[in-house]
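Chain by chain, the residues run as shown.
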Amino acid sequence: MYKVWFSDLLLFARVGVTEAEREVGSRLRLSVEISVEKAPPTDDSVHQIVDYSKLIQAAREAVESAPAKTLEAVAARLAHTIFGSYAQVSFVQVSLAKLPPPTVDIVGAAGVTCGFSRP
């Protein structure tokens, strides 16, 4: 087994409990780590790997594709997309944070980290 990950991808998405929050949208910071259920390739072939640049593009599309009320729903949508694209992935961990969140307190970020096993 091996892991592939990226961190701190900055996105804009329409996520929020209220309709107004979804209308305005939020800046998000996204990090993803996946577990691949096979040994890492020992040769230098790019045909046997999970290409993190393609993983980043798929993540961007999944997060930005549709409004959602919760970060958890966005994380689940992303995990579903990854499982559908990569048969060798057994686990996906998604961290999403709003930058800054819409709170009365001054907070730099608030978010979730969700883990998903292949169904």
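Here, residues in each chain are numbered from 1, in the same order as that chain's written sequence. Thresholds applied to this predicted model are a pLDDT of at least 70 for local features of residues and 80 or more for the giving and counting of side-chain atom pairs; totals over whole chains, interfaces and linings are not thresholded and use all residues. Neither water nor hydrogens contribute to the side-chain values; these are computed over all heavy atoms in the structure.

Asks: Can you walk me through the overall build of the chain in this structure?
Replies: In DSSP terms, a helix is any run of H or I states spanning at least four residues, a strand is any run of E spanning at least two, and both are numbered starting from the N terminus. Along the chain, the regular secondary structure elements total three helices and four strands. The helix and strand sequence of the chain, counted from the amino end, reads β-α-β-α-α-β-β. In terms of principal-axis extent, the alpha carbons of the chain reach across some 50 × 25 × 20 Å. Note on classification: 1.4 Å probe, protein chains only; a residue is buried when its accessible area is under 20% of the maximum for its type, exposed when over 50%, partly exposed between these limits. Among the 119 residues that make up the chain, the fraction classed as buried is 37%. Here, residues are in contact when the closest pair of their heavy atoms is within 4.5 Å. Considering only contacts within the chain whose residues lie at least 6 apart along the sequence, 61% involve residues at least 24 apart. Carbon together with sulfur atoms contributes 55% to the accessible area of the chain, which is approximately 7,000 Å² in total. All tallies of charge rest on Lys and Arg as positive and Asp and Glu as negative; His and the ends of each chain are not included. Charge positions are represented by NZ for Lys, CZ for Arg, CG for Asp and CD for Glu. Computed over 12 positive and 13 negative side-chain charges, the inter-centroid distance for the chain is 3 Å. Residue burial considers only the protein chains on display, and all accessible areas are found by Shrake-Rupley using a 1.4 Å probe.

Asks: Looking at this structure, how should I read the sheet that holds strand E3 (residues 89-98)?
Replies: The strands making up a sheet are joined through hydrogen bonds of the backbone, oriented either antiparallel or parallel. Strand order in the open sheet made by the four strands is E1-E2-E3-E4, with antiparallel pairing throughout. Looking at strand neighbours, the two that pair on one side only are strand E1 (2-13) and strand E4 (110-117), the edges of this open sheet. For this sheet the average axis-to-axis angle between neighbouring strands, irrespective of direction, equals 15°. Two strands qualify as a pair provided DSSP detects at least 2 bridges between them. Examined bridge by bridge, strand E2 (residues 26-36) and E3 share nine bridges and lie antiparallel to one another. In the strand pairing of E3, Val-32 is matched with Val-94. Helix H2 (residues 52-64) rests against E1 and E2 of the sheet, and its axis sits at about 40° to E1. Interaxial angles span 0 to 180 degrees and are taken between N-to-C directions of axes, which are lines fitted to C-alpha atoms, for helices over the stretch in contact.

Asks: Looking at this structure, how should I read helix H3 (residues 71-85)?
Replies: For an α-helix, 3.6 residues make a turn, and residues three or four places apart therefore share a direction. By this rule the span expected of a helix is its residue count minus one, scaled by 1.5 Å. With 15 residues, H3 extends 21 Å from end C-alpha to end C-alpha; this agrees with the ideal 21 Å at 1.5 Å per step. Inspection of H3 places Leu-71, Val-74, Ala-75, Leu-78, Ala-79, Ile-82 and Phe-83 among the buried residues, and these make up the whole buried set. On its buried face, H3 is in contact with E2, H2, E3 and E4.

Asks: Help me understand unusual backbone geometry, please; the structure alone is not making it clear to me.
Replies: Looking along the chain, the bond that leaves Leu-99 and enters Pro-100 is cis, with omega of -25°. Structurally, Pro-100 can be placed in the loop between E3 and E4. Even without a glycine there, the phi angle at Asp-8 is positive, about 65°. When you line up the elements, Asp-8 lands in strand E1. The exposure class assigned to Asp-8 is partly exposed, which follows from its relative accessible area of 49%.

Asks: Mind showing me how you'd approach the nonpolar core here?
Replies: Here is a general trend for soluble globular proteins: nonpolar side chains tend to be buried in one another's company. Membership of the largest hydrophobic core comes to 32 residues, with the highest contact counts inside it found for Leu-30, Ile-34, Leu-78, Ile-82 and Val-92. Secondary-structure elements contributing two or more residues to this core are E1, E2, H2, H3, E3 and E4. Considering every element that reaches this core, the biggest residue donor is H3, with seven residues. Excluding its chain neighbours within four sequence positions, the residues that come into contact with Ile-82 are Val-32, Ile-34, Leu-55, Val-89 and Val-92. In these notes, a set of buried Ala, Val, Leu, Ile, Met, Phe, Trp, Tyr and Cys residues joined through side-chain atoms within 4.5 Å is what counts as a nonpolar core.

Asks: Can you help me understand the side chain of Ser-31 in this one?
Replies: Within the secondary structure, Ser-31 sits in strand E2. Within the structure, the side chain of Ser-31 is placed 3.0 Å from the backbone nitrogen of Asp-8, a separation counted as a polar contact. Among all residues touching Ser-31, those that are not within four sequence positions of it are Phe-6, Ser-7, Asp-8, Gln-93, Val-94 and Ser-95. Polar contact criterion, stated in full: a pair of N or O atoms within 3.5 Å, where within protein one must be able to donate a hydrogen and the other to accept it, and residues adjacent in sequence count only if both atoms are side-chain atoms.

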